[in-house]
Every structure is written in structure tokens, then in C-alpha cells.
Amino acid sequence: MSFYGLEIARTGIYVNRKGLEVTSHNVANASTPGYTRQVLNVKSNPPSSKVGFYSPKFQVGMGADVQSLEQIRDMFLDMQYRNEYSRQGEYEIKADNLNFIEAIFNEPSDTGLSAVIDQFFSSLQELSKNPESLTVRALVRQRASALTDAIHKMYKQLEDLQSELNDQVYDKILEINSIASQIADLNKQIFVLELRGEKANDLRDQRNLLVDKLSKIVDTTAYEDKDGRFIVQIAGGETLVNHFTVYELETDKSKIMRKSGFDSNGQPTGFNPDDPLSQQNLYDVPGLFVVMWKDTGQVLNIKSGELKGLLDMRDGVGGLDEDAIAGVDVPNKNSFTGIPYYLNRLNEFAKILIEKFNELHTQGYSLNGQNTGINFFEPPVNSGEFFFARYIKVSDDIMNDLNNIATTTDPDNLPGGNDLVVKMLQLRNDTSIFKEGKFEDFIKSLISNLGVDSQGAKNFAENQKVMVTQLDNRRQALSGVSIDEEMTNLIKYQHGFQASARMINAFDEMLDVLINRLGIVGR
């Protein structure tokens, strides 16, 4: 009989008490975002190596000991989750913004561009019936003005959306830097604690939650090397955090702002798609930001994430060849159908509208037969030469005098001649105007393609959401806290604690008999 049994029972009390504490901690954090279930790694203590009275074959162990406090986590599932979460972020951005562009075009509706074009040609139809009527001429001017206003409005809304997306790009740069700094700070705390032999599981949970958040913004890879250094990489493997060191993205707006592609006379110049600091698209609003590293100036090649979605929507020209529209070679490497694509198409529409109507109208005579060569729509001048949709308007001559609406090419047919109006009406059914066909066909094709892109992005976003939810459920099944399981552990550790305590009482009674009572019988 020795104190050996007391020591074994003491270790049982310690292990079960620690198990109760861990179980309590798990239950308390069952709803905490990012929390990973923790379990005790318990190992039996081997017998003493010292040879005593008993033969080694009769030796028993020295109880149990807590080796470590482990997190139940699968790094492969984390990697899968972050990859899919990044794609979800990208397509959610695209789906939301394409849906907003659909709202800008508002087709089909009574106020969309197709309806306004129809009303404009209807007014011309009335003018062909009564060319000398000032009332009908006023209607034509009003409908033409409504058409230009509709084009202006759509173009301005698209430009505003591009500026808004640009601001969001800058906000994402700030957010990435902030998350990187927080991860580096947690790396320091974790490293110091674990250097002392502790396990900083709760800090690791905070760090993993930040990495998850980062992965939705930009494609992210995170791992711990053999020396315990935590590395975070983004944009296809470029290091953002290397243990304690943070490699920030540039936030100085003057350094990441693209230079204008126009000279002092408003002529396009300096377009170089190989230079990220050069304006990339002819119709971009000024001051778009480039995402680059602060220390090297190297541009990020972002693969997925919300930032990828923002850049695609902001910069994507959809593979259009701008030579055919403005006579300017502005190749763009971003082939996604983003805002520049729709700005481009509106400019094409406005350009052809101006050219076709002016080509006919300048051949006609005013109602008084004195004026000819009058434009129906005012062509853009100077810096607006390439921005037809932004500056299109009914000519000042017509806005100032209804008599300047030309209806005939023969002054002898005034005031009732309508041959010019008939030719303008024929433009409505001219299928050679655009490669898509007539004016209405152009709009229908544009809206159809927009609808396909929007629905496709929406479907991708929904599919990714399902995928991410499934992966998260798998992670939670492994790493999440199960209240039922924890209650089972609670009972197990509680009974183990009570049993160890009873063993100490039993050993105490045995030692009391041995020490205080043995040998006193019969005295």
C-alpha cells in the first residue's frame, strides 16, 4: 500500500475537470461565428521506470495526462470552401450589377428606348400626313427631344454606375489591407502564446474567420509552414501576409489612378492596354483605379472574388472592336460584357442615328424654303466627338424654329411636300443600318444579350451559393459544436470526476486504517 493510487486518482480528477471546462467552452461558443470545436488529447501516463519491490510485469500506469487541446478542422475542406466562396462573391457582384443595368434600359416597357423610338417614328408618320402643321412639327420636336433625353439618361446612369463600382474597388483595397493587418497581429499573438507551450485555438479561429472573409473579396490561399509561420497569398499566389509581415496594396489615389486617354484638344491618345495606368477603354469615366502592390507597383492578376466581379463589370468591353465605332484602336484585354460594352453600344446607336437622319435632313428645305443643310441632330464637337450618346441633342436650329424641320428636298413642293419625311420613315425598316438590322432590332439584340448575361450570372451565383452552403455544412458537421454530443461528454466527464473523487476517498480510508488503526487492537 502506497500513495501511488492517490496520484493516479488525482490525475483522473485533473483530466475530467479539464474535460468539463472544454465542454463548457464548446457549449458557450456553439453559436459563435468561426468557432471550431475543441477536444482534449488525453494520454495514459506510463509506469515509472524505476525498479521497486514489485516485478515490472505487475506495474500499472501512473494515471492520465492532457497532452494538448486540439481543434477538429479539415484544411482541405477549408481550401474548397474558400475557393467556391471566392467564386460566389464574384458572381453575386456581376448578377447584382447586370440586374441594375437591366433596370437602366427598362425593356420592355412603355418608357424604354424601344417605346421612345416608336413614338418618334409615329410623330414622323403624322408629319408625313400634314407637313405644314406647326402642331405636328412641335410633336416631332418633342418626341425627338424625348429620344435624346432617354439616351442621355441611360448613358449617364451607366457612367454613374461605373464611378460607383470604381469607389467600391477602392473600398475593397482598403478592406484587404485591413484584414491583412489583423491577420498579422493575430500571427504575433498566436506565435507568442504557442512559443510558451500553449495552444491559441480561439485566436486561430479568429484568424481563419478573417481568411474566410478575405476569400470572398479575392482568391485566397492560406497555409502554415513547417516552422509555424502563417502565409496568406492572393491573386494566384502573391504573398499578402508572411507571418508578421504585411505586403499592402497601394491606397494612394494619385498613384493608382489611370491617366486620361485624351489630349488637351479632346482627341484620344495614349491608349495602351499593356500599360495598366493608361486609360483602357475609350468611353471610361476618368479616374479609374488600378489594383497594385504598394512596394513594387505590380498590378494584381485577380482570378476571382468580389474584386474580380467589380473589375469585370467596371472594365469589361465584351470583346468589341472599337475601330468600327470610333475609328480608334482601343483593344481591351477584359472580354467580360461590362459597363464599357454598353456605353460603347449606346454610342454606336447614337452615332448611326445622328448620321442617318442628318444625311437626309440636310438635303431638305425649311418650311419657308429659304434654309437648307440643317442638321436634325446636333453632332458632337471637340472632346465630344466620340461621345455621341453623351452629347446627342436635337439641333439648335430646330429647337429655335419649328419651320426648320425639313420635309421635302424640292422647294417647289412647299409647304405640303413630304418626300423627305417618307425617306426618314423608311429608316425605321432599313435592316442594313446595323449588323443586327434596323433600329428596333439593335435594341432588341442588346437587351436580349443583356438578359442572357444577367440570367447566366444569376444562375452562377445561385449555384455557387448552394455549393458554398454544402461545403460549409460539411465543415460544420466536422468542426461545429453539437449540443447533444457535448452533453454526452458532460455526463462522461462528470461521472469520471466523481469516480476519481470516490477513489481518493477510498484510498484515504485505506491509508487511515493502515496508519492510525493497524496494530492497536487488543491494547
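As a reminder, the structure under discussion sits directly above these lines.
Residues numbered from 1 in each chain as written. Predicted model: local features only at pLDDT ≥ 70, side-chain atom pairs only at ≥ 80, totals over all residues. Heavy atoms only, no water.

**Focus: the side chain of Arg-82**
And then number 1: Looking at the secondary structure, you find Arg-82 in helix α2 (residues 75–105).
And then number 2: Separated by 2.7 Å, the side chains of Arg-82 and Asp-212 make a polar contact. (Helix = DSSP H or I, 4+ residues; strand = E, 2+ residues; numbered from the N terminus. Polar contact = N/O pair within 3.5 Å; in protein donor to acceptor, adjacent residues only side chain to side chain.)

**Digging into the packing of aromatic side chains**
And then number 1: The final tally for this structure, using the stated rule, is 22 aromatic pairs.
And then number 2: Taking 4.8 Å as the distance between ring centres and 25° as the angle between the ring planes, the aromatic pair formed by Tyr-91 and Phe-460 counts as stacked. Here Tyr-91 is found in helix α2, whereas its partner Phe-460 is found in helix α13 (residues 439–479), with 369 residues between them in sequence.
And then number 3: Seen in terms of ring centroids, Phe-349 and Phe-439 are 5.7 Å apart; in terms of plane orientation they differ by 80°. Their pairing is edge-to-face. Of the two residues, Phe-349 sits in helix α9 (residues 339–361) while Phe-439 sits in helix α13, which places them 90 residues apart along the sequence.
And then number 4: Residue Phe-349 is classed as buried on the basis of its relative accessible area of 1%.
And then number 5: Given the relative accessible area of 0%, Phe-439 is considered buried.
And then number 6: A network of ring pairs unites the aromatic residues Phe-120, Phe-121, Phe-349, Phe-357, Phe-376, Phe-377, Phe-434, Phe-439 and Phe-442 as a single cluster.
And then number 7: Geometry around Phe-230 places Arg-207 over its ring, the cationic atom sitting 3.7 Å from the centre. (Phe/Tyr/Trp six-rings, centres within 6.5 Å; stacked < 30°, edge-to-face > 60°. Buried < 20%, exposed > 50% of the residue type's maximum accessible area, 1.4 Å probe, protein only. Lys NZ or Arg CZ within 6 Å of the ring centre and 35° of its normal.)

**Some details on the packing of helix α4 (residues 134–195) against α9**
And then number 1: At their nearest, the axes of α4 and α9 sit 10 Å apart, and the two run at 160° to each other. As judged from the angle between their axes, α4 and α9 are roughly antiparallel. Here α4 runs over α9; the crossing is left-handed. Here α4 contributes Leu-147, Ile-151, Met-154, Tyr-155, Leu-158, Glu-159, Leu-161, Gln-162 and Leu-165 to the contact with α9, which in turn contributes Ile-339, Pro-340, Tyr-342, Leu-343, Leu-346, Asn-347, Phe-349 and Leu-353.
And then number 2: For the contact of α4 with α9, a count of residues per class yields 14 nonpolar, 2 polar and 1 charged. (Axes fitted to C-alpha atoms, helices over the stretch in contact; angles between N-to-C directions. Parallel < 35°, antiparallel > 145°, perpendicular 65-115°, else oblique. Left-handed = near helix turned anticlockwise from the far one by under 90°. Contact = heavy atoms within 4.5 Å. Nonpolar A, V, L, I, M, F, W, Y, C, P; charged D, E, K, R; others polar.)

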